[in-house]
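Structural characterization, general
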Amino acid sequence: MTLDLLPIGQRARIVAVDWPRLAQEEAQRLRALGIDVGARVAIAHRGVFAGRDPLAVTVGRMTVALRRMHAMAMEVESD
Amino acid sequence: MTMRRTAALVGNPNAGKSALFNALTGARQKIANYPGVTVERKAGRMTLPSGEPVELTDLPGSYSLHPTSPDEEVTRRVIMGELPGEDSPHVLVVVLDASNLEQHLVFAQEVIALGKPTVVALNMVDLAERDGLVIDPAALQAALGVPVIATVAVRRRGLSELAAAIAVAEERPDEHHRPFTDMAERRLTAHAIAEAAIVSETSRHRLHSKLDRLFLHPWLGPAVLFALLFIVFQAVFAGAKPFADALQGWVDVLTAGVRAAMPPSLARDLVTDGVLAGVGAVVVFLPQIVILFFFILALEASGYMARAAFLMDRMMAGVGLSGRSFIPLLSSFACAVPGIMATRSITDPKDRLTTILIAPMMTCSARLPVYAVIIAAFIPHRDVWHLGAVGIGLQGLVLFCLYVAGIVGAMVVALVLRASVTKGAASGFIMELPKYQMPRLKDLAIGLFQRAWIFLRRAGTIIFTVSVVLWLLLNFPRAEPGRDQVNASLAGHIANGLAVVVRPIGFNRDIALALIPAMAAREVAVSSLATTYAVASNDESETGHALAGQLQKHWSLATALAFLAWFVFAPQCMSTIAVTRRETNGWAWPAFMLAYLFGLAYVAAGITYWSAVALGLG
């Protein structure tokens, strides 16, 4: 399952990231924010409009907003 | 030359760096740009316990020394001493958010590993304790190998201890560079260090998620956002009025004073009609700018701004921008100058450029006087339809349409720009949503003072110069006695030339003449039309006539509508051009902006005029 499909509130672990799908700077930024393989994440909120984009992802004690296209590059496993 | 000691605050965004900086330096701050880039350089003076001053800089927030934004690039280059003209700071003060320790330790390790004299400020320990998190600074100090001081910047806790640690930081034996570690290793270490330093951990930030549940709610969230926007706009337009009127009153008193003190002469006219009228017309916008920035700074400091960006991201993505562009564009409804200044928070350079280029299309408050006068003169005061007791007025509807025209125009231009001159990979939206916090009045006051000062300085320099130049254009060469000064002046000649160009879109020479001084500030168009028609009519009784009546006499409805359409797009404001030049570091983009906006204005006014004439309104 990819991160964008994770139901709101369910905790999961990122098991693989398809980094080449993301722009290099975005990949770097995500990693700097702790969104990387092994991170424990959950989706806290989804956007308002079409596609419920963007997503608010909690990682550690932080909440990070990212787009669905970023989440689609991340394979997660339910905790 | 004496060697001044320097120190710099480094840390992740949202670590409370600015609050700590304000607490350490007070209001003695210098704001400038780093050379060649539009990243703000904030420097101030702090005092060591010995009384010795230290120059402290507040480096832009960074997640890593591998830059992904202009801000992070500057931070990296300053720390490494690679920025020309900027000495590498002697002491680095790494600021950590105690309640987000694990994340912030990743960057902290990267900085500490450089081996420079470093002190760690474990900031916002009070908020961490509110979240049920107790941290042992001693354990953290042992793990990191550099002094760790617990601080609460907003309560001035730990500040003298921090100053003492900075004072002796350079006396510690030189450290060797530690082995290089990669991000994954640092993250593992960060986890272990945080684990060991956290004494107890109970509930997770409850307040934070409760507020998010409201502010990011699929439909309550946008409702709250629009309610807030409504309040902000109401305050900007209504709240500023008494202050703006008071300022205008002072300008009038000053003008009258100069008139009384000086004998009638060209020099006197230069002071009153040139300097005071021109600079005064812009300075009266200070209250609006202060009120707008009060809300922007307060919403930013509270953490809400990031939520607004989150809510608006999807819509902005539709035209190739991101949620980060929302706030600058919103600010541009008051004035494009602070709006363009606010684009600094946009990390992607192409996103930022696109936002700067479309910001002037948001209907700024200076257009309102122009719209108001024309609408009052030409649009009948009647209701279009009734919803029970509430009538929708035609005048209000036209005003609304003008606002919408600006927004739609901006969106279309953004789409076109993103596909042409600012082409690039669709920019993503990755942004930390910081913790909610009560904004502190002192920090707001410092921020407001800085914004107001930037605005006034511009009024005193650029706008002053432009006003004087315009006055000279309008007054030289001198007309022969009894002849019209405006016609004889250089500006009159320019207007006559300009009239040829704008005649196809229905503008007469009077309008062409009004457009010239309106370059300084849009609303000046109204006063210069008033002057022109006042001068033109020799009949004493007519001079006092309301401008509306004069306009109806001289303009057709088609011309009036075309004039409105022109003002939706025309880049009629020197300050906007000047701030664009500063923010884009060159004349290329302001020139492009000027060209495309004038082009759009011409076409829009033309289409409006021709359609209106075709409909028999000419």
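Please refer to the structure higher up on the page.
Residues numbered from 1 in each chain as written. Chains lettered and ligands numbered in written order. Predicted model: local features only at pLDDT ≥ 70, side-chain atom pairs only at ≥ 80, totals over all residues. Heavy atoms only, no water.

Considerations on the overall build of chain A
The helix and strand inventory of chain A stands at two helices and five strands. Secondary structure elements of chain A occur, N-terminal to C-terminal, as β-α-β-β-β-α-β. Taken over the C-alpha trace, chain A has a radius of gyration of 11 Å; the compact-globule value for 79 residues is 12 Å, and the two agree within 12%. Principal axes of the C-alpha set define a box for chain A whose edges measure 25 × 25 × 25 Å. (Helix = DSSP H or I, 4+ residues; strand = E, 2+ residues; numbered from the N terminus. Rg over C-alpha atoms; globule rule 2.2 N^0.38 Å.)

Quick word on unusual backbone geometry
Note that the residue after A:Asp53, namely A:Pro54, is joined by a cis bond; omega there is -10°. Topologically, A:Pro54 is positioned in the loop between β2 (40–46) and β3 (55–59). Along the chain, B:Phe476 connects to B:Pro477 via a cis peptide bond; the corresponding omega equals -10°. With a phi angle near 60°, B:Arg156 is a residue other than glycine that sits in the positive phi range. Its location among the elements puts B:Arg156 in the loop between β8 (148–150) and α6 (159–169). Phi at B:Asn585 takes a positive value of approximately 55°, unusual for a residue other than glycine. Along the chain, B:Asn585 turns up in the loop between α27 (574–584) and α28 (588–614). Look at B:Asn585 and you get partly exposed, because its relative accessible area is 45%. (Buried < 20%, exposed > 50% of the residue type's maximum accessible area, 1.4 Å probe, protein only.)

Structural notes on empty space enclosed by the protein
Residues and elements named next belong to chain B. Inspection of the entire model under this criterion finds six cavities of 30 Å³ or more. The volume enclosed by the largest cavity comes to roughly 160 Å³. Forming the walls of the largest cavity are 18 residues, and the residues nearest its centre are Phe285, Cys335, Ala366, Cys573 and Ser575. Contributing elements (two or more residues each) for the lining of the largest cavity: α15 (336–341) and α27. Classifying every residue of the lining of the largest cavity by side-chain character gives 13 nonpolar, three polar and two charged. (1 Å grid on protein atoms, 1.4 Å probe; cavity = no way out; pocket = protein on both sides within 12 Å on 5 of 7 lines; lining within 4 Å. Points joined across faces, edges and corners; volume = space filled by probe spheres on them. Nonpolar A, V, L, I, M, F, W, Y, C, P; charged D, E, K, R; others polar.)

Digging into the nonpolar core
In globular proteins that are soluble, nonpolar side chains generally tend to be buried together. Membership of the largest hydrophobic core comes to 130 residues, with the highest contact counts inside it found for B:Ile358, B:Phe507, B:Leu551, B:Trp555, B:Phe563 and B:Trp566. Ignoring any residue separated from it by four or fewer positions in sequence, one finds B:Trp566 in contact with B:Ile505, B:Phe507, B:Leu515, B:Gln572, B:Phe598, B:Ala601, B:Tyr602 and B:Ala605. (Core = buried A, V, L, I, M, F, W, Y, C linked by side-chain atoms within 4.5 Å. Contact = heavy atoms within 4.5 Å.)

A look at the layout of surface pockets
It is the rolling of a water-molecule-sized probe over the atoms that shows where space remains empty. Residues and elements named next belong to chain B. Reported here for the second largest pocket is a volume of approximately 1,400 Å³. Looking at the second largest pocket, it is lined by 44 residues, and the ones nearest its centre are Ala277, Ala281, Val524, Ser527 and Ser528. Contributing elements (two or more residues each) for the lining of the second largest pocket: α10 (241–261), α11 (266–283), α17 (367–378), α19 (441–475), α20 (485–488) and α23 (524–536). With nine residues, the top contributor of residues to the lining of the second largest pocket is α11. The residue makeup of the lining of the second largest pocket, split by class, is 21 nonpolar, 15 polar and eight charged.

Focus: the pattern of salt bridges
All names here are of chain B. Tallied over the entire structure, the rule returns 23 salt bridges over all chains. Two residues, lysine 17 and aspartate 58, come together in a salt bridge whose shortest N-O distance is 2.9 Å. Of the two residues, lysine 17 is situated in helix α1 (residues 17–25) and aspartate 58 in strand β4 (residues 53–58); the sequence distance between them amounts to 41 residues. Grouping residues by exposure puts lysine 17 and aspartate 58 together as buried. Here the salt bridges do not stand alone but share partners, grouping Glu40, Arg344, Arg352, Arg582 and Glu583 into one network. (Salt bridge = Lys/Arg side-chain N within 4 Å of Asp/Glu carboxyl O.)

Notes on the sheet that holds β3(A)
Strand order in the open sheet made by the six strands is β5(A)-β1(A)-β2(A)-β3(A)-β4(A)-β12(B), with antiparallel pairing throughout. The strands lining the two open edges of the sheet, one partner per strand, are β5 (74–78) of chain A together with β12 (431–433) of chain B. Put simply, the sheet's adjacent strands are angled 40° from each other on average, direction ignored. As paired elements, strand β1 (residues 11–17) of chain A and β5(A) share five bridges and run antiparallel to each other. Along β5(A), the bridge assignment pairs A:Ile14 with A:Val76. Packing of helix α13 (residues 304–317) of chain B onto the sheet brings it into contact with β2, β3 and β4 (62–66) of chain A together with β12 of chain B, and relative to β12(B) it is tilted by some 125°. (Pairing = 2+ DSSP bridges. Axes fitted to C-alpha atoms, helices over the stretch in contact; angles between N-to-C directions.)

Let's talk about the interface of chain A and chain B
Counting residues at the interface gives 30 residues for chain A and 41 residues for chain B. Summed over both sides, the interface between chain A and chain B buries roughly 3,100 Å², with carbon and sulfur atoms accounting for 57% of that surface. The largest per-residue losses of area from chain A upon contact with chain B belong to A:Arg29, A:Arg61 and A:Arg67, which jointly make up 29% of the total buried on that side. On inspection of chain A and its partner chain B, the count reaches eight residue pairs in polar contact (both at pLDDT 80 or more). With seven residues, the top contributor of residues to the side of chain A that touches chain B is helix α1 (residues 24–32) of chain A. Grouping the constituent residues of the side of chain A that touches chain B by class yields 14 nonpolar, seven polar and nine charged. Examined bridge by bridge, β4(A) and β12(B) share three bridges and lie antiparallel to one another. Bridge pairing in β12(B) places A:Ala65 opposite B:Met431. (Buried area = accessible area lost by both parts, 1.4 Å probe. Polar contact = N/O pair within 3.5 Å; in protein donor to acceptor, adjacent residues only side chain to side chain.)

Description of the packing of aromatic side chains
Residues and elements named next belong to chain B. Inspection of every chain in the model, using the stated rule, returns 13 aromatic pairs over all chains. Look at tryptophan 555 and phenylalanine 563: their rings are 5.0 Å apart centre to centre, the planes differ by 65°, and that puts the pair in the edge-to-face class. Comparing tryptophan 555 with phenylalanine 563, the two get one shared label, buried. Three or more aromatic residues joined by ring pairs form one cluster here, namely Phe378, Phe507, Trp555, Phe563, Trp566, Phe567 and Phe598. (Phe/Tyr/Trp six-rings, centres within 6.5 Å; stacked < 30°, edge-to-face > 60°.)

Structural notes on the packing of α17(B) against helix α25 (residues 547–554) of chain B
Residues and elements named next belong to chain B. Where α17 contacts α25, the axes come no closer than 9 Å and their chain directions differ by 65°. Considering the angle they form, α17 stands roughly perpendicular to α25. For the pair α17 and α25, the crossing hand works out as right-handed. Packed against α17, whose contacting residues are Val373, Ile374, Ala377 and Phe378, the element α25 presents Leu547, Ala548, Leu551 and Gln552 at the interface. (Parallel < 35°, antiparallel > 145°, perpendicular 65-115°, else oblique. Left-handed = near helix turned anticlockwise from the far one by under 90°.)

A word on the sheet that holds strand β3 (residues 40–47) of chain B
All names here are of chain B. Spatially, seven strands are ordered β2-β3-β4-β1-β5-β6-β8 in an open sheet, and the strand pairing comes out mixed. Only two strands of the sheet have a single neighbouring strand rather than two, namely β2 (29–33) and β8. Looking at each pair of strands side by side, their axes are set apart by 25° on average, direction ignored. Judged from the five bridges that link them, strand β1 (residues 5–11) and strand β5 (residues 91–97) form a sheet pairing that is parallel. If you follow alanine 7 over to β5, its bridge partner there is valine 91.

Notes on the state of the cysteines
Chemically, a disulfide is nothing more than a covalent bond linking the sulfur atoms of two cysteines. All names here are of chain B. As enumerated under the stated definition, the model contains zero disulfides over all chains in all. Residue cysteine 401 stays outside any disulfide, its sulfur separated by 18 Å from that of cysteine 364, the closest cysteine. The exposure class assigned to cysteine 401 is partly exposed, which follows from its relative accessible area of 44%. No disulfide involves cysteine 573; its sulfur sits 6.3 Å from the nearest other cysteine sulfur, which is in cysteine 335. A relative accessible area of 12% means that cysteine 573 is categorised as buried. (Disulfide = S-S within 2.5 Å.)

Shape descriptors only; they carry no functional weight alone.
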